[in-house]
Amino acid sequence: MIESKRVVSGLLLGLLLVLTLLSGVFVPKSALAAVESKVTSPPSAEVYTAVDQLLNSLPRDYYTVMPVKQLKNKLKKRDNVVLVDVREPSEYDSGHIPGAINVPVRSLTKNLDRIPTDKPVILYCSSGHRTAIGMTALRLLGYTNVRSFPPSINGWKAAGEPLEK
């Protein structure tokens, strides 16, 4: 049990550090210190294995930019896709992709009941940063059905597609 907590703490610390470095997200020092205080020794082989498993579980097309046309076809076919806008409510209210639900990235863990595990889930935001954070968080929580729409709302608008308010 203690080793499991250390693995989870190590993963959280790694996630916080990666998010800080790669996505420009500011992580308060207090959050880093809280996680670091739970990690009492260098990461074990189990932590490295867990991180490796997470990275290898990412969909092969994770880095592929899904074209707007492909998303439109999925939504048109009603492939049971759940489209999740991870922007803040004010951003969502100013215009979102038709049919999307709003679950701000900071509230994902409080709204897991709105994110199914048995059908495809596609996340988007404004530019892709929050989408990547949300997808990573959901992958850490065991979701294997989540994809990202990297063009996000900016790509949708640039393609001349309508927004819903």
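First, a word on what this report is: a plain description of the structure on this page. (Residues numbered from 1 in each chain as written. Predicted model: local features only at pLDDT ≥ 70, side-chain atom pairs only at ≥ 80, totals over all residues. Heavy atoms only, no water.)

1. Side note on the pattern of salt bridges
Should their charged atoms come close, side chains of opposite charge can pair.
Turning to step 1, where the next piece is worked out: Throughout the structure, instances matching the rule amount to four salt bridges.
Turning to step 2, where the next piece is worked out: Put simply, Lys-72 and Glu-161 hold a salt bridge, and the shortest N to O gap is 3.2 Å. Of the two residues, Lys-72 is situated in helix α4 (residues 68-77) and Glu-161 in the segment after α7 (152-158); the sequence distance between them amounts to 89 residues.
Turning to step 3, where the next piece is worked out: On the basis of relative accessible area, Lys-72 is assigned to the partly exposed category, the value being 30%.
Turning to step 4, where the next piece is worked out: A relative accessible area of 19% places Glu-161 in the buried class. (Salt bridge = Lys/Arg side-chain N within 4 Å of Asp/Glu carboxyl O. Helix = DSSP H or I, 4+ residues; strand = E, 2+ residues; numbered from the N terminus. Buried < 20%, exposed > 50% of the residue type's maximum accessible area, 1.4 Å probe, protein only.)

2. Points about the nonpolar core
Turning to step 1, where the next piece is worked out: Counting residues in hydrophobic clusters, the biggest one holds 15 residues, and the most contacted among them are Val-84, Ile-115, Val-121, Leu-123, Leu-138 and Val-146.
Turning to step 2, where the next piece is worked out: Taken together, the elements giving at least two residues each to this core come down to β1 (82-85), β3 (121-124) and α6 (129-140).
Turning to step 3, where the next piece is worked out: If one sorts the elements of this core by residue count, α6 sits on top with three residues.
Turning to step 4, where the next piece is worked out: If we ignore the near neighbours within four places in the chain, the residues touching Ile-115 are Val-103, Leu-108, Val-121, Leu-138 and Tyr-143.
Turning to step 5, where the next piece is worked out: With 14 residues, the next largest nonpolar core counts Met-66, Val-68, Val-81 and Ile-153 among its residues. (Core = buried A, V, L, I, M, F, W, Y, C linked by side-chain atoms within 4.5 Å. Contact = heavy atoms within 4.5 Å.)

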